[in-house]
Amino acid sequence: MATVIENAVHAVEAAAVTGLLPARPRLLALGEPTHGEEALLGLRNELFRQLVEQEGYRTIAIESDCLAGLLVDDHVTSGTGTLDEVMERGFSHGWGAFAGNRELVRWMRAHNDGRPASEQVRFAGFDGPLEITGAASPRRALTALHGYLSARVDADLLPCTAETLDRLLGDDDRWTDPAAMTDPARSVGRSAEAGRLRLLADDLVALLDAQTPHLVEATSRDDWDRARLYGRTATGLLRYHFWMADAAPNRMARLMGLRDQMMAGNLLALAERGPALLHAHNGHLQRNRSTTRMGGTPLEWWSAGAIVSAHLGERYAFLATALGTIRHRGVDAPPPDTVEGLLYALPQDRCVIDAPRLAAALRDTRPAPRVSPWFGYSPLDPAHLADSDGLVFVKDVPQG
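Everything in this summary refers to the structure shown in the same document. (Residues numbered from 1 in each chain as written. Predicted model: local features only at pLDDT ≥ 70, side-chain atom pairs only at ≥ 80, totals over all residues. Heavy atoms only, no water.)

Helices and strands together make up the secondary structure of the chain, namely 17 helices and twelve strands. Rg of the C-alpha trace for the chain: 22 Å, near the compact-globule value of 21 Å for 400 residues, within the 12% margin. With the principal axes as the frame, the chain shows a C-alpha extent of 70 × 55 × 35 Å. Out of the 400 residues belonging to the chain, those deemed buried represent 52%. Accessible surface computed for the chain: about 17500 Å², of which carbon and sulfur atoms make up 50%. (Helix = DSSP H or I, 4+ residues; strand = E, 2+ residues; numbered from the N terminus. Rg over C-alpha atoms; globule rule 2.2 N^0.38 Å. Buried < 20%, exposed > 50% of the residue type's maximum accessible area, 1.4 Å probe, protein only. Areas by Shrake-Rupley, 256 points an atom, 1.4 Å probe, with all protein chains shown as cover.)

Next comes the structure, spelled out in structure tokens:
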């Protein structure tokens, strides 16, 4: 068994990753089992730099607000704004405070400086404008889409005026009330105004689609792509707010699924643009259904990776990350009968594993699932090992 495992082990480098795949995928995803560990961000940066330089990837996308990410993309491609400004305003979930993310943006800007647009690396957030405490107002996405269209198509084609949108949207605080996440009655998602906005958003997206030949010629494909992002985000947010107002028992599972559906829509749009590298939690990028427990209730929904994989097939590839220890979080050495325990016995501090090959070798041993003492770390599910194209293993995650 030890020999089989050792034969499936490779160095953490671009050549080892691509060697596991039959061809270069359109979307190459690297997951992580916990957020906020600088060692994992540093590993991501190192591997992604190699994949950009050696394999021609031209977009790096992370689990962050898709609209805020436009500021980062403008900075890395054209130098707009300062690094401090984009780290403060271009990320959600507090990701801008992490040194690894700052280094990623700094490197992308330096890499792009002086290069033609066709050789530059783009940045994207692919999460919706969503936080644990709730969802953003659809104002920014709706008004940006309306503004793009109103400047370029006949006024009589528009379903409403900007003033009508502003009146229906009302105070943004109504949409972002954090109490609505736990109390459906506090949500405005099923108000008459919200219902009207959903219809108008649908009409605006339909108009954008119908006017595609004219709009691409009149502006640029990048501007049209950005308008499509506004449309996806507006309709996605309004749908999310609608179901926030629902009191059914499966409410939270539905909201989790809607978030991953928004992620999947953004990822499929990135795939149209060109080869992209993705980074997010394993649970969002895996090919399996995602699961969690909330208030003791098990929740289950289709992950963004599962949705994208169903669309793209072999043009989507996923590498999970598994860990040995995170001692500063109380996660000590894994039991030897788990997948992490078997890999922890290897001499390498970090490595890339041929996951399907390892799964085949372990089929008869049936490794036990690892149980984490810390809620912020999700151990590898051994039943999902064969569904990953590869596995990145980090033996010990240091603090800081």
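Once the structure has been displayed, the description carries forward.
This model, assessed by the stated rule, comprises four aromatic pairs. Centroid distance Phe91 to Phe123: 5.6 Å. Interplanar angle 65°. Geometry classified as edge-to-face. Of this pair, Phe91 sits in the loop between helix H5 (83-89) and helix H6 (99-112) while Phe123 sits in strand S4 (residues 122-127), and the two are 32 residues apart along the sequence. Just as Phe91 is buried, Phe123 falls in that class too. (Phe/Tyr/Trp six-rings, centres within 6.5 Å; stacked < 30°, edge-to-face > 60°.)

Let us now look at the side chain of Gln50. Within the secondary structure, Gln50 sits in helix H3 (residues 38-55). With a relative accessible area of 17%, Gln50 lands in the buried category. What Gln50 contacts, discounting residues up to four positions off in sequence, is Val12, Glu13, Ala14 and Glu55. (Contact = heavy atoms within 4.5 Å.)

Next up on the list: the sheet that holds strand S11 (residues 350-353). Ordered in space as S1-S11-S12-S10-S2-S7-S3-S4, the eight strands form an open sheet in which the pairing is mixed. The strands lining the two open edges of the sheet, one partner per strand, are strand S1 (9-10) and S4. Packed on one face of the sheet, helix H13 (residues 251-273) meets strand S2 (27-32), strand S3 (59-65), S4 and strand S7 (276-281) and runs near 155° to S4. (Pairing = 2+ DSSP bridges. Axes fitted to C-alpha atoms, helices over the stretch in contact; angles between N-to-C directions.)

Right, let's talk about the nonpolar core for a bit. Grouped together as the largest cluster of nonpolar side chains are 41 residues, with contacts concentrated most on Leu28, Leu51, Ile60, Phe91, Val105, Met108 and Leu277. Considering each element in turn, this core owes the most residues, six residues, to H3. Discounting chain neighbours no more than four positions away, the residues touching Met108 are Ile60, Val76, Val121, Arg122 and Phe123. Ranked by size, the runner-up nonpolar core spans 39 residues in total, among them Leu27, Val308, Leu346 and Leu380. (Core = buried A, V, L, I, M, F, W, Y, C linked by side-chain atoms within 4.5 Å.)

Time to look at the pairing of S3. By the criterion of burial, S3 is predominantly enclosed, with seven of the seven residues buried. Taken together, the five bridges between S3 and S4 define a ladder with parallel strand orientation. Its bridge partner being in S4, Ile60 is matched across the sheet by Phe123. Taken together, the four bridges between S3 and S7 define a ladder with parallel strand orientation. By the bridge assignment, Ala61 is partnered in S7 with Leu278.

Let us look at the pattern of salt bridges. Side-chain pairs of opposite charge can arise whenever the charged atoms involved come near each other. A full pass over the atoms with the stated rule returns 19 salt bridges. Two residues, Arg226 and Asp74, come together in a salt bridge whose shortest N-O distance is 3.2 Å. Highlighted residues: Arg226 in helix H12 (residues 221-244) and Asp74 in helix H4 (residues 69-78), separated in sequence by 152 residues. Residue Arg287 is joined to Asp389 by a salt bridge in which the shortest nitrogen-to-oxygen separation is 2.8 Å. Linking Arg287 in the loop between helix H14 (282-285) and strand S8 (289-294) with Asp389 in the loop between helix H17 (355-361) and strand S12 (390-396), this pair joins segments that are 102 residues apart in sequence. Taking the relative accessible area as the measure of exposure, Arg287 reaches 22% and is therefore partly exposed. (Salt bridge = Lys/Arg side-chain N within 4 Å of Asp/Glu carboxyl O.)

With that out of the way, let us pick up the environment of Ala61. Structurally, the position occupied by Ala61 is in strand S3. Residue class for Ala61 comes out buried when judged on its relative accessible area of 0%. Between the C-alpha atoms of Ala61 and Ala276, which are 215 residues apart in sequence, the distance is 7.1 Å. Residues within four places of Ala61 in sequence aside, it is in contact with Ala124, Phe126, Leu270, Leu277, Leu278 and His279.

Helix H10 (residues 192-210) packs onto helix H7 (residues 139-150) with a crossing angle of 40° between their chain directions and a minimal axis gap of 11 Å. In terms of axis orientation, H7 runs oblique to H10. The two elements H7 and H10 cross, and the hand of that crossing is left-handed. Note on element contacts: H10 touches H7 through Leu197, Ala201, Leu204, Val205, Leu207 and Leu208, opposite Leu142, Leu145, His146, Tyr148 and Leu149. By residue class, the composition of the contact of H7 with H10 is ten nonpolar, one polar and no charged. (Parallel < 35°, antiparallel > 145°, perpendicular 65-115°, else oblique. Left-handed = near helix turned anticlockwise from the far one by under 90°. Nonpolar A, V, L, I, M, F, W, Y, C, P; charged D, E, K, R; others polar.)

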